[in-house]
Amino acid sequence: MKTMKFEIEHPLNSTSRKIVWQLIGTPDGLSLWIADSVVLAGGKLTFAWGDEWRHHETRQATLLNLERFGRIRWRWDDEDDESYVEIRMERSSLSEEITLHITDFATEDDSDWLQSAWKHNFDKLRVRSGV
């Protein structure tokens with residue numbers, strides 16, 4: 001089934017590039033809002049959700065781009081197309097606040113789920129980090 005590209009913008013309550021980069025460009029930061037655990041080793045990202053005693057899911061991705069204070073991009077290893085996930089930060093020249101730009105892909109059947117998943121992630125980001 002063909003995937004569609006989705007782009008989502010999410011303004012943050014932060015003007016600190018350093019704080020936002022820690023949240024999007026490091027495994028510890030991604031563990032606060034994307035997954036329960038993220039490990040980076042040898043160009044591979046391993047994302048885990050849940051705990052070992054209940055529902056537990058793990059996905060591995062290949063790191064495609066890590067541009068300090070700019071963007072992180074990965075491709076899920078279990079996907080067989082050219083889709084990827086990218087989280088890019090951009091600073092407003094007027095307000096100095098930072099906006100996250102998310103690029104992700106989903107089938108038409110999964111588009112509502114994808115939008116909901118990112119909304120949930122943004123809620124976790126706000127609650128756990130204040131941004």
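The text that follows walks through the structure, step by step, so that each part is easy to find. Just so it is clear, the structure is predicted and the values come from calculations on it, not from any experiment.

Thresholds applied
- Each residue is numbered by its place in its chain's sequence as written, counting from 1.
- Confidence filtering applies because this is a predicted model: local features only for residues at pLDDT of at least 70, side-chain atom pairs given and counted only at 80 or more, and all residues used for totals across whole chains, interfaces and linings.
- With hydrogens and water set aside, each side-chain value is computed from the structure's full complement of heavy atoms.
- Summary of the burial criterion: residues with accessible area below 20% of their type's maximum are buried, those above 50% are exposed, and those between are partly exposed, where the area comes from a 1.4 Å probe applied to protein chains only.
- Helical segments are the DSSP runs of H or I of at least four residues, strand segments are the runs of E of at least two, and each set is numbered from the N terminus.
- Our arc is simply the arc of the directions from the helix axis toward the C-beta atoms.
- In what follows, residue pairs with any heavy atoms lying within 4.5 Å of each other are defined as contacts.
- We define the nonpolar core as a collection of buried residues of types Ala, Val, Leu, Ile, Met, Phe, Trp, Tyr and Cys that are connected through side-chain atoms lying within 4.5 Å of one another.
- Two rings from Phe, Tyr or Trp (for Trp, the six-membered ring) form a pair when their centres are within 6.5 Å of each other. A pair whose planes differ by under 30 degrees is stacked, one over 60 is edge-to-face, and the rest are tilted.
- Comment: the charge-over-ring label is applied if NZ (Lys) or CZ (Arg) is within 6 Å of the ring centre and within 35 degrees of the ring normal.

## Points about helix α1 (residues 17-24)
Part 1 of the argument: Those residues of α1 that sit buried are Val20, Trp21, Leu23 and Ile24. Buried residues of α1, seen end-on, are gathered within an arc of 160° and therefore sit on one face of the element.
Part 2 of the argument: Where α1 is buried, its residues touch α2 (27-33), β4 (56-67), β5 (71-76), β6 (85-91), β7 (98-107) and α3 (111-129).

## Focus on the nonpolar core
Burial of nonpolar side chains together is a common tendency in soluble globular proteins.
Part 1 of the argument: Counting 30 residues, the largest nonpolar core has Trp33, Phe47, Trp74, Ile87, Leu100 and Trp118 as the members making the most contacts within it.
Part 2 of the argument: The set of elements that each furnish at least two residues to this core consists of β1 (3-11), α1, α2, β3 (44-50), β5, β6, β7 and α3.
Part 3 of the argument: Not counting residues within four places of it along the chain, the set of residues in contact with Phe47 comprises Ile34, Ala35, Ser37, Val38, Glu57, Thr58, Arg59, Ala61, Trp74 and Trp76.

## A look at the packing of aromatic side chains
Part 1 of the argument: Counted by the stated rule, this structure contains nine aromatic pairs.
Part 2 of the argument: Taken together, a centroid distance of 6.2 Å and an interplanar angle of 20° make the contact between Trp33 and Phe122 stacked. In this pair, Trp33 sits in helix α2 while Phe122 sits in helix α3, placing the two residues 89 residues apart along the sequence.
Part 3 of the argument: A residue is classified by how much of its surface remains accessible, and Phe122, at 7% relative accessible area, is buried.
Part 4 of the argument: Look at Trp118 and Phe122: their rings are 5.9 Å apart centre to centre, the planes differ by 35°, and that puts the pair in the tilted class. Pair noted here: Trp118 and Phe122 are both in helix α3, with a separation of four residues, about one helical turn.
Part 5 of the argument: An aromatic cluster is built from Phe47, Trp49, Trp74 and Trp76, whose rings are joined through pairwise contacts.
Part 6 of the argument: Sitting over the ring of Trp76, Arg59 keeps its end group 4.1 Å from the ring centre.

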